[in-house]
Amino acid sequence: MIAFGFSADVCRSCLESCNNDLESAINLALMIQTGDGGVPPNVTTGSAPEDIKMIILVNDSLNMSAGKVASQCCHACLGAYRQGLMSTSTKAALVQQWESIGEKIVTLSVPSMVELQSLCDTAKNKGLNVHECMDAGRTEVDVGARTVIAIGPHKASEIDPVTGHLRLYGLN
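Below, the structure is looked at part by part. Because the structure is predicted, anything quoted here is derived from the model rather than measured.

### A short note on the side chain of His-154
- Mapped onto the secondary structure, His-154 falls in strand S4 (residues 146-155).
- Apart from residues lying up to four places away in sequence, His-154 is in contact with Asp-51, Ile-52, Lys-53, Leu-94, Gly-127, Leu-128, Asn-129 and Ile-159.

Structure below.
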């Protein structure tokens, strides 16, 4: 990467962010390079950051314990994060922007499996980053049960039309 003109610090940072995947790190470095035109405006100009977030959808119909929900949310978040880094350069840039503005995560409650599947399909059809967690069935739920879905990181303006009608998880 240094041969492409990036500083050692930029190379190190991009490689760390991309789990040492050289192609992804180069794409990320190209996206954030000053004057490249691929950088989100708030990164270079200091303007107010665009709302980038990750949404975690919890399948309430499974009646999971708080610990199980927490574990499944972690799996979903990490899966979506890794998937975003390894995806298109645009999605990888969104992940980096999301990291730079505080990694906003909102956890929402979905009352039924049917609605969860519908939201998942809609998000995928809109081109959003989606990671589905299917349980191994070792503790509280059946093998293959869809427990949690993560959407994002992505622009709130693209996620909200899909999930904006849902309630925060834990509010009855």
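### Description of unusual backbone geometry
- Following Gly-152, the chain continues to Pro-153 via a peptide bond in cis, the omega torsion being -5 degrees.
- Tracing the backbone through its elements, the reader meets Pro-153 in strand S4.
- Even without being glycine, Asn-63 reaches a positive phi, approximately 50 degrees.
- As for its placement among the helices and strands, Asn-63 is situated in the loop between strand S1 (52-59) and helix H4 (66-85).
- Phi is positive for Glu-103, close to 55 degrees, though the residue is something other than glycine.
- Take Glu-103: it is sitting in the loop between helix H5 (89-100) and strand S2 (105-110).

### Looking at the packing of aromatic side chains
- Overall, the coordinates contain 1 aromatic pair when judged by the stated rule.
- Taken together, a centroid distance of 6.3 Å and an interplanar angle of 45 degrees make the contact between Tyr-81 and Trp-98 tilted. Taken together, the residues span a long stretch of sequence, with Tyr-81 in helix H4 and Trp-98 in helix H5 at a distance of 17 residues.
- The class for Tyr-81 is buried, based on a relative accessible area of 19%.

Rules of the game
- Residues numbered from 1 in each chain as written.
- Predicted model: local features only at pLDDT ≥ 70, side-chain atom pairs only at ≥ 80, totals over all residues.
- Heavy atoms only, no water.
- Helix = DSSP H or I, 4+ residues; strand = E, 2+ residues; numbered from the N terminus.
- Contact = heavy atoms within 4.5 Å.
- Phe/Tyr/Trp six-rings, centres within 6.5 Å; stacked < 30°, edge-to-face > 60°.
- Buried < 20%, exposed > 50% of the residue type's maximum accessible area, 1.4 Å probe, protein only.

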